Amino acid sequence: MALRDELGPYFGEFGGRFVPESLVAALDELSAAYMTAKLDPSFQSELTELHRTYTGRPSIITEVPRFAEHAGGARIILKREDLNHTGSHKINNVLGQALLAKRLGKSRIIAETGAGQHGVAAATAAALFGMECVVYMGEVDTVRQALNVARMRLLGAEVVPVTTGSKTLKDAINEAMRDWVANVDNTHYLLGTVAGPHPFPVMVRDFHKIIGEEAREQVLALTGRLPDVVTACVGGGSNAIGIFHAFLDDVDVKLVGFEAAGRGIETGEHAATMAMGRPGVLHGARSYMLQDADGQTVESHSISAGLDYPGVGPEHAWLKDIGRATYRSITDAEAMDALRLLSRTEGIIPAIETAHALAGALKLGRELGPDSIILINNSGRGDKDMETAAKYFGILDGETK
Amino acid sequence: MTSKVEAVLDALKVTGTGALIGYLPVGFPTLAESIEAAVTLVENGVDILELGVPYSDPVMDGLVIQEATQTALAGGFRLSDAFTAVKEITARVSAPVLLMTYYNPVLQYGVDNFARDLAAAGGAGLITPDLIPDEAHEWIAAAEKYDLDRVFLAAPSSTDERLAQAVKQCRGFVYAVSTMGITGARTDVDAAAHSLVTRLRSVGATHIGVGVGISTADQVTEVLSYAEGAIVGSVLVKALADGGVPAVGRCAAELSPK
């Protein structure tokens, strides 16, 4: 069987549904609705039309030669998911799930968000479809991504700061799951990454695989061959699986995901789940996760809120274990350097999440040598990160008296 | 191979009172006080103990229990403390002790090891809020090996087919979730609870505990008119948090149907 054909609920020993019984009926309902929609040409054509007229798909690819000069002569090509409406790949999944929610007759959607990109996308879809929207966001993240909080509220969503646990993405997911348990009748949980219980990892992947499908054709048209490496940043793993998926059965194409090494893996302050975690159950699925000896989830750290997650999607865990993809890590400092480099060499300001993949590509290019082709999922734009970047680089003038 | 929990439920059915099942987390406010509080519950009319294992990501719990378990974790709770608590409590009182635990701590300890050490400590079995029978092959095998109860949840939203599966896989009792929601006191016990119990009976359930949202003596009495056990948690945890061990004892005595 082709690697692309995996349908869940398990990827090897990973995945599954480790959830309270109260949610099983909703997951069954969602699985059935998704299977039906997947085979329904009217659903697919509605989604395709939305992507054409609203998202701005297909997104273009951009070759970045001035940036690539720093990568040992490799050719580097960006898949420009940052140019999508709302500024990241997240809209692909959100529109798909919102259409499904509509089919299921749900009038309310809830979502978790870390960096706020998924929350903004969910709030956008809710506005578009006239649905009520509640976004759970760790209190820590509401501070470091204040601009996105404002965007969500402007779009009409209620943003609930989560003050339990580590007050970041993982706790936002816990709170969204609690809400869903209580309100499953009228509410769809619009989960934003390829984690969580089945069918989310498969369904979210399917809504994002368009990234790789488009990019594969575009790179072939531009260069006449497939890339040597396809790479992306990995938090939960949605943008990475989105660009990897079309290449899973192209055995000569290496797939490399870059996790957040934070202040350095050796400091313990990182979000390098694949490098430093071990298999366990978190948020409804079995996968790699950062945990202590007792199975308590360990808090992660990354300068990028979107990668600051102690788990990872089960399909990635499986791709790692079977050796189809490799996962490496990039520190806060390396990512910020790459963010500035792309800005100054190409006039493209990436999200800090995305900058981890860019930093990784610089290393890969030097390893692979001249004439190699690297395709990067440029998953999001950096506008939301300007406050963090300004502080990091000290580029704002002092306050005027 | 008999379930001590089922024996207690059967005995109380004969007397006509039904069983009060009381929840407290291990390690809150300290390990020693949590043990003392659990013993006090039994001395004040609780028939079966449900000891919660603090966990970093308790998706089924409301704020009261979340705060207590986070306090226990911040205070240095280790998984081995759960076995210590079971051992000390069962040495002092005869009520059966079930652990309520999310699955990952069990998985990391090793499912078989966990069952072995729980049995050795005198524990009766596990209540698993985020482990459905579909995913529980390893735990069910270990429970059989060590003669432990396995309590799975049944929800108002569960299909009859899933209820039948839960009844088949449970030993001890089936945990009937009274309402679509997480733990925490509520003013009324949902009518959904009674209809869920009726549906569980029709697929063969003989031992049913109703939990989530039960916080008053009237609610306990009402539930025990149609189920073998009434499970009370958040109101006990709140009493312990506010007034220490004496308060949790008074709270249990007020809730007890006897």
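Just so you know, these numbers come straight off a predicted model, no measurement behind them. (Residues numbered from 1 in each chain as written. Chains lettered and ligands numbered in written order. Predicted model: local features only at pLDDT ≥ 70, side-chain atom pairs only at ≥ 80, totals over all residues. Heavy atoms only, no water.)

Colleague: I'd like a rundown of the packing of aromatic side chains, residues and numbers included.
Modeller: Residue and element names in this part refer to chain A. Evaluated as defined, the whole model comprises 13 aromatic pairs over all chains. Members of the aromatic cluster, joined through ring pairs, are Y34, F43 and F207. Note that K320 overlies the ring of Y288, its terminal NZ or CZ placed 5.3 Å from the centroid. (Phe/Tyr/Trp six-rings, centres within 6.5 Å; stacked < 30°, edge-to-face > 60°. Lys NZ or Arg CZ within 6 Å of the ring centre and 35° of its normal.)

Colleague: With reference to specific residues and values, describe the UniProt feature "active site" (unreviewed entry) in chain B.
Modeller: When the UniProt feature table is mapped onto this chain numbering, "active site" (unreviewed entry) sits at E50(B) and D61(B). Among residues more than four places away in sequence, those in contact with E50(B) are I21(B), G22(B), Y23(B), L24(B), L98(B), M100(B), I127(B), Y175(B) and I231(B). Note on D61(B): relative accessible area 4%, which makes it buried. With residues up to four places along the chain from it excluded, the contact list for D61(B) reads R178(A), Q66(B), M100(B), Y102(B), I182(B) and T183(B). (UniProt positions renumbered as here; feature names shortened; annotations may be inferred. Contact = heavy atoms within 4.5 Å. Buried < 20%, exposed > 50% of the residue type's maximum accessible area, 1.4 Å probe, protein only.)

Colleague: Let's hear about the domain arrangement of chain A: which residues, and what values?
Modeller: All names here are of chain A. Taken domain by domain, chain A comprises domain 1 (10–53 + 89–200) and domain 2 (58–87 + 209–393). The straight-line distance from the C-alpha centre of domain 1 to that of domain 2 is 22 Å. Tallying the contact residues gives 38 residues for domain 1 and 43 residues for domain 2. Roughly 3300 Å² of surface becomes buried between domain 1 and domain 2 when both sides are summed, with 60% attributable to carbon and sulfur atoms. Broken down residue by residue, the surface that domain 1 buries against domain 2 is led by F14, H89 and V194, which jointly contribute 22%. Counting every contact that joins domain 1 to domain 2 gives one salt bridge. Across the contact surface, domain 1 and domain 2 share 13 residue pairs in polar contact (both at pLDDT 80 or more). Counting residues per element, the ones that place at least two in the side of domain 1 that touches domain 2 are strand 2 (14–15), helix 4 (90–103), helix 5 (117–129), helix 6 (139–144), helix 7 (146–154) and helix 8 (169–183). It is helix 8 that contributes the most residues to the side of domain 1 that touches domain 2, five residues altogether. (Domains from an automatic or database assignment. Buried area = accessible area lost by both parts, 1.4 Å probe. Salt bridge = Lys/Arg side-chain N within 4 Å of Asp/Glu carboxyl O. Polar contact = N/O pair within 3.5 Å; in protein donor to acceptor, adjacent residues only side chain to side chain. Helix = DSSP H or I, 4+ residues; strand = E, 2+ residues; numbered from the N terminus.)

Colleague: Give a detailed account of the pattern of salt bridges, specifying residues and quantitative values.
Modeller: All names here are of chain A. Applying the stated criterion to the full structure yields 43 salt bridges over all chains. Where R17 meets D28, a salt bridge forms, and the shortest distance between an N and an O atom there is 2.7 Å. Of this pair, R17 sits in the loop between strand 2 and helix 1 (24–38) while D28 sits in helix 1, placing them 11 residues apart in sequence. According to the relative accessible area criterion, R17 is buried, its value standing at 12%.

Colleague: Any details on the UniProt feature "domain: Tryptophan synthase beta chain-like PALP" (unreviewed entry) in chain A? Residues and values, ideally.
Modeller: Per the UniProt entry, the sites bearing "domain: Tryptophan synthase beta chain-like PALP" (unreviewed entry) are residues 57–380 of chain A in this numbering. Taken end to end, residues 57–380 of chain A has its terminal C-alpha atoms 15 Å apart, with 42% of it in helix and 20% in strand.

Colleague: Quick one: what's the story with the packing of helix 5 of chain A against helix 7 of chain A, residue by residue and with numbers?
Modeller: Residue and element names in this part refer to chain A. Following both chains from N to C, one finds helix 5 and helix 7 inclined at 10°, their axes separated by 9 Å at the closest point. Between helix 5 and helix 7, the angle falls in the class roughly parallel. Taken together, the residues of helix 7 that come into contact with helix 5 (itself represented by Q117, G119, V120 and A123) are N148, R151 and M152. Residue classes in the contact of helix 5 with helix 7 are distributed as three nonpolar, three polar and one charged. (Axes fitted to C-alpha atoms, helices over the stretch in contact; angles between N-to-C directions. Parallel < 35°, antiparallel > 145°, perpendicular 65-115°, else oblique. Nonpolar A, V, L, I, M, F, W, Y, C, P; charged D, E, K, R; others polar.)

Colleague: Explain the interface of chain A and chain B to me, and be specific about the residues and the numbers.
Modeller: One widely used convention gives an interface's size as the accessible area the parts lose upon coming together. Of the residues lining the interface, 36 residues belong to chain A; the matching set on chain B comes to 36 residues. Summing the contributions of chain A and of chain B, the shared interface buries around 2800 Å²; its carbon and sulfur component is 49%. Among the residues of chain A in contact with chain B, E21(A), R178(A) and D294(A) are the three that bury the most area, contributing 26% of the side total. Our count for the contact surface shared by chain A and chain B stands at three salt bridges. Scanning the region where chain A abuts chain B turns up 22 residue pairs in polar contact (both at pLDDT 80 or more). Contributing elements (two or more residues each) for the side of chain A that touches chain B: helix 1, helix 8, strand 11 (278–282) and strand 12 (285–289) of chain A. Considering each element in turn, the side of chain A that touches chain B owes the most residues, eight residues, to helix 8 of chain A.

Colleague: Just give me the short version of the UniProt feature "modified residue: N6-(pyridoxal phosphate)lysine" (unreviewed entry) in chain A, but keep the residues and values in it.
Modeller: Residue and element names in this part refer to chain A. In the numbering used here, UniProt assigns the "modified residue: N6-(pyridoxal phosphate)lysine" (unreviewed entry) feature to K90. Tracing the backbone through its elements, the reader meets K90 in helix 4. Residue class for K90 comes out buried when judged on its relative accessible area of 15%. Non-local contacts of K90, meaning those with residues more than four positions away in its chain, are made with Q117, H118, A121, G192, T193, H208 and S238.

Colleague: Account for helix 10 (residues 217–224) of chain B, naming residues and giving values.
Modeller: In an α-helix, one full turn covers 3.6 residues, which means residues spaced three or four apart are oriented alike. Residue and element names in this part refer to chain B. When helix 10 is considered as a whole, its buried residues turn out to be Q219, V220, V223 and L224. Projected onto a plane normal to the axis of helix 10, the buried residues spread over an arc of 130° and lie on a single side. Looking at the buried side of helix 10, the elements it contacts are strand 1 (19–25), strand 8 (208–211), strand 9 (229–232) and helix 11 (234–255). (Arc of directions from axis to C-beta.)

Colleague: Give a detailed account of the sheet that holds strand 5 (residues 108–113) of chain A, specifying residues and quantitative values.
Modeller: All names here are of chain A. Strand order in the open sheet formed by four strands is 7-6-5-8, with parallel pairing between adjacent strands. Looking at which strands have only one partner, the edges of the open sheet turn out to be strand 7 (158–162) and strand 8 (187–189). The sheet shows a mean angle of 25° between the axes of neighbouring strands, taken without regard to direction. By the bridge criterion, six bridges tie strand 5 to strand 6 (residues 132–138) in an arrangement that is parallel. Bridging across to strand 6, I110 finds its partner in V134. (Pairing = 2+ DSSP bridges.)

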